[in-house]
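Chain by chain, the residues run as shown.
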Amino acid sequence: MGIMSLILEIIYPNKCGFCGAGISKDKLICHECAGKLRLDYYIGKPKDIPGEKPIELLMYAGIYSGHARRGVLRLKDSPAANVIKYLSITLIDKIKEKGLDGKIDYIAFVPMSRGRESKRGFNQAELIAKHIAGELSKPILYDAICKRGRLLSQHKLKSYRQRQLHAGSSYYLKRGAKRIDGCTVLLCDDVITSGSTLASCSELLKELGAKRIFAFTLLSSRNHR
Ligand SMILES: [Zn+2]
């Protein structure tokens, strides 16, 4: 090992994405976490997503539970790149194997409100999108979807109608967003729960002319098989 890389390793030690323990530079996960992690890769139709078939294909590395959940929760506090790399490595291989990469024109991500993002310092969905875009050599679709800040918390919105209006209006298209007519977009987020967030963003991308939306999440709160 050269002196420079030794110094860099001391300043920036490589850490297990799932527990933070020190690991060698060529690893993404420690031995112990690798033994605890249960993944269940899925690439297929999403099940029970709101809206009229807004997402054609859903892919994720496992269910949001146990050690996998622990890793993704760490992403809320720090840009734990090793979690993203580890959970997406096999999916990226599968995307290439199935020739799906040839169909994808853009990589997009679920936005955060500006206030929340500046408080956290990063948007984990954007970090995922950047990683995938790098691995598949695709451009990232910036300046398309935005998220409104949480002006009113949900419990302050008393009526059902008010809550509906608020939920439907969290995401919007940025003025002057470029057209992506006929394109296929891979939309990234950390976890899919009900699918309503991905569905809202997907519908906005379709307003811009996108033909097909594929969704990429690290984990899913439920099984789509
Ligand atoms: Zn670990």
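All values derive from a computational prediction rather than experimental measurement.

### Comments concerning a nonpolar patch on the surface
And then number 1: A contiguous nonpolar surface patch, about 860 Å² in accessible area, is contributed by Ile 3, Met 4, Leu 6, Ile 7, Leu 8, Ile 10, Ile 11 and Tyr 12.
And then number 2: Tracing the chain through its elements places Ile 3 in helix α1 (residues 3-11).

### A look at the domain arrangement of the protein
The accessible area lost on association of the parts is a frequent measure of interface size.
And then number 1: Each domain of the protein was delimited in the assignment, giving domain 1 (1-36) and domain 2 (37-220).
And then number 2: A straight line from the C-alpha centre of domain 1 to that of domain 2 covers 28 Å.
And then number 3: In this assembly, 15 residues from domain 1 lie in contact with 14 residues from domain 2.
And then number 4: The contact between domain 1 and domain 2 buries some 1100 Å² in all, and 58% of this surface belongs to carbon and sulfur atoms.
And then number 5: Area buried by domain 1 at its contact with domain 2 is led by Phe 18, Leu 28 and Lys 36, which between them contribute 59% of it.

### Some thoughts on the pairing of strand β8 (residues 212-220)
Side-chain positions along a regular strand alternate between the two faces of the sheet.
And then number 1: Of all 9 residues in β8, 8 are buried, a share of seventy percent or more.
And then number 2: Examined bridge by bridge, strand β2 (residues 57-60) and β8 share 3 bridges and lie parallel to one another. Pairing of Met 59 across the sheet is with Phe 216, part of β8.
And then number 3: Here strand β3 (residues 62-63) runs beside β8; their pairing, made up of 2 bridges, is parallel.

### Comments concerning helix α3 (residues 66-74)
And then number 1: Those residues of α3 not exposed but buried are His 67, Ala 68, Gly 71 and Val 72. Across the axial projection of α3, the buried residues extend over an arc of 140°, all falling on one side.
And then number 2: Buried residues along α3 sit against α2 (31-36), β3, α4 (81-97), β7 (184-192) and β8.

### Focus on the packing of α4 against helix α6 (residues 124-136)
And then number 1: Where α4 meets α6, the axes come as close as 11 Å, and the angle between the chain directions of the two elements is 40°. When the interaxial angle is binned, α4 and α6 end up oblique. Crossing geometry of α4 relative to α6 is assigned as right-handed. Contact residues: Ile 84, Lys 85, Ser 88, Ile 92, Ile 95 and Lys 96 in α4; Gln 124, Leu 127, Ile 128, His 131, Ile 132, Glu 135 and Leu 136 in α6.
And then number 2: Taken together, the residues of the contact of α4 with α6 sort by class into 7 nonpolar, 3 polar and 3 charged.

Calculation criteria
Residues numbered from 1 in each chain as written. Predicted model: local features only at pLDDT ≥ 70, side-chain atom pairs only at ≥ 80, totals over all residues. Heavy atoms only, no water. Patch = residues over 30% accessible without salt bridge, like charges linked within 9 Å, V, L, I, M, F, W, Y side chains within 5 Å. Areas by Shrake-Rupley, 256 points an atom, 1.4 Å probe, with all protein chains shown as cover. Salt bridge = Lys/Arg side-chain N within 4 Å of Asp/Glu carboxyl O. Helix = DSSP H or I, 4+ residues; strand = E, 2+ residues; numbered from the N terminus. Domains from an automatic or database assignment. Contact = heavy atoms within 4.5 Å. Buried area = accessible area lost by both parts, 1.4 Å probe. Buried < 20%, exposed > 50% of the residue type's maximum accessible area, 1.4 Å probe, protein only. Pairing = 2+ DSSP bridges. Arc of directions from axis to C-beta. Axes fitted to C-alpha atoms, helices over the stretch in contact; angles between N-to-C directions. Parallel < 35°, antiparallel > 145°, perpendicular 65-115°, else oblique. Left-handed = near helix turned anticlockwise from the far one by under 90°. Nonpolar A, V, L, I, M, F, W, Y, C, P; charged D, E, K, R; others polar.

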